[in-house]
Amino acid sequence: MAENKTKQTNASVDKFIGTIKEKTTRENCYKLIELMKSVTKEEPKMWGPSIIGFGTYHYKYASGREGDMCITGFSPRKQNLTIYLMGGFEKQKTQLEKLGKHKIGKACLYIKTLSDVDLKILKEMITNSVKEMKKRYPAAKK
């Protein structure tokens, strides 16, 4: 069975953010770090080469595949900020309507810049997602 490529590393979050050329994106990263730290009470860790994650949970699929992943996090991609809300969006329709300019995937929220969204709503969404993950995975670390 293939091994999960996205694993927590000991790489420096600050060093990673320092490689980002656009000032606004770097600033957005630090704002997201503060926001996610306030929700999770966890310090940011690098997951793979480009995901800044908070907390962990262990998953195991019916197929037998299992691994660990951050409970929430983000990645500053070239096109947008990808925010990982592992709890999904099924219970967050009202928040999505109020959030501002965004796109979504299965568990990814895509925004160009934090100025496009309501940060209070974003924090609420991150909080809801973390709570959902802790409910699904009771052994999840903060």
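All values reported here derive from a predicted model rather than from experimental measurement.

1. Observations regarding the overall build of the protein
Here is step 1: Secondary structure assignment for the protein yields four helices and eight strands.
Here is step 2: Tracing the protein from N to C terminus, the helices and strands come up as α-α-β-β-β-β-β-β-α-β-β-α.
Here is step 3: The C-alpha atoms of the protein give 15 Å as radius of gyration, which agrees with the globular expectation for 142 residues (14 Å, within 12%).
Here is step 4: The principal-axis extents of the C-alpha atoms in the protein amount to approximately 40 × 35 × 25 Å.
Here is step 5: Here the protein holds 142 residues, and 46% of them are scored as buried.
Here is step 6: Considering only contacts within the protein whose residues lie at least 6 apart along the sequence, 54% involve residues at least 24 apart.
Here is step 7: Here the protein has roughly 8500 Å² of accessible surface; of this, 52% comes from carbon and sulfur atoms.
Here is step 8: Across the protein, the mean location of the 29 positive side-chain charges is 2 Å away from that of the 15 negative side-chain charges.

2. Describing the pattern of salt bridges
Oppositely charged side chains can form a pair if their charged atoms are brought close together.
Here is step 1: Taken as a whole, this structure holds six salt bridges when the rule is applied.
Here is step 2: Here glutamate 27 ties to lysine 23 by a salt bridge, and the two come within 3.7 Å at their closest N and O atoms. Of this pair, glutamate 27 and lysine 23 both sit in helix H2 (residues 23–40), four residues apart, roughly one helical turn.
Here is step 3: Judged by its relative accessible area of 54%, lysine 23 falls in the exposed class.
Here is step 4: Between glutamate 132 and arginine 136 there is a salt bridge, with its nearest N and O atoms 3.0 Å apart. Here glutamate 132 pairs with arginine 136, and both are found in helix H4 (residues 119–136), just four residues apart, close to one helical turn.
Here is step 5: A residue is classified by how much of its surface remains accessible, and arginine 136, at 40% relative accessible area, is partly exposed.
Here is step 6: One network of salt bridges, with partners in common, ties together Lys91, Glu132, Lys135 and Arg136.

3. Focus: the side chain of serine 75
Here is step 1: Structurally, serine 75 is set in strand S5 (residues 72–76).
Here is step 2: Serine 75 has contacts with Ser50, Ile51, Asn80, Leu81, Thr82 and Tyr84, leaving out every residue within four places of it along the chain.

4. Considerations on the confidence of the model for the protein
Here is step 1: On average, residues of the protein carry a pLDDT of 92, and 96% of them reach 70 or more.
Here is step 2: No element of the protein has a lower mean pLDDT than strand S3 (residues 57–60), which averages 86, and none a higher one than strand S1 (residues 45–47), which averages 98.

5. Focus on the side chain of threonine 72
Here is step 1: Mapped onto the elements of the fold, threonine 72 is located in strand S5.
Here is step 2: In this structure the side chain of threonine 72 is engaged in a polar contact, spanning 2.9 Å, whose partner is the backbone oxygen of tyrosine 84.
Here is step 3: In this structure threonine 72 touches Met36, Thr40, Ile52, Gly53, Phe54, Tyr84, Leu85, Ile126 and Val130, once residues within four positions along its chain are discounted.

6. Regarding unusual backbone geometry
Here is step 1: We note that lysine 41 has phi near 60 degrees; this positive angle belongs to a residue other than glycine.
Here is step 2: Overall, the relative accessible area of 63% leaves lysine 41 in the exposed class.

7. Structural notes on H4
Here is step 1: Spanning 18 residues, H4 covers 26 Å between terminal C-alpha atoms, matching the ideal 26 Å at 1.5 Å per step.
Here is step 2: Buried residues of H4: Ile121, Leu122, Met125, Ile126, Ser129, Val130, Glu132 and Met133, and no others.
Here is step 3: Contacts from the buried residues of H4 go to H2, S3, S5, strand S6 (81–85), helix H3 (93–99) and strand S8 (108–111).
Here is step 4: Capping of H4 at its N-terminal end is provided by aspartate 118; its side-chain oxygen lies 2.9 Å from the backbone amide nitrogen of lysine 120.

What counts, and where the lines are drawn
Residues numbered from 1 in each chain as written. Predicted model: local features only at pLDDT ≥ 70, side-chain atom pairs only at ≥ 80, totals over all residues. Heavy atoms only, no water. Helix = DSSP H or I, 4+ residues; strand = E, 2+ residues; numbered from the N terminus. Rg over C-alpha atoms; globule rule 2.2 N^0.38 Å. Buried < 20%, exposed > 50% of the residue type's maximum accessible area, 1.4 Å probe, protein only. Contact = heavy atoms within 4.5 Å. Areas by Shrake-Rupley, 256 points an atom, 1.4 Å probe, with all protein chains shown as cover. Lys, Arg positive; Asp, Glu negative; His and termini not counted. Charge placed at Lys NZ, Arg CZ, Asp CG, Glu CD. Salt bridge = Lys/Arg side-chain N within 4 Å of Asp/Glu carboxyl O. pLDDT = per-residue confidence, 0-100. Polar contact = N/O pair within 3.5 Å; in protein donor to acceptor, adjacent residues only side chain to side chain. Expected span 1.5 Å × (residues − 1).

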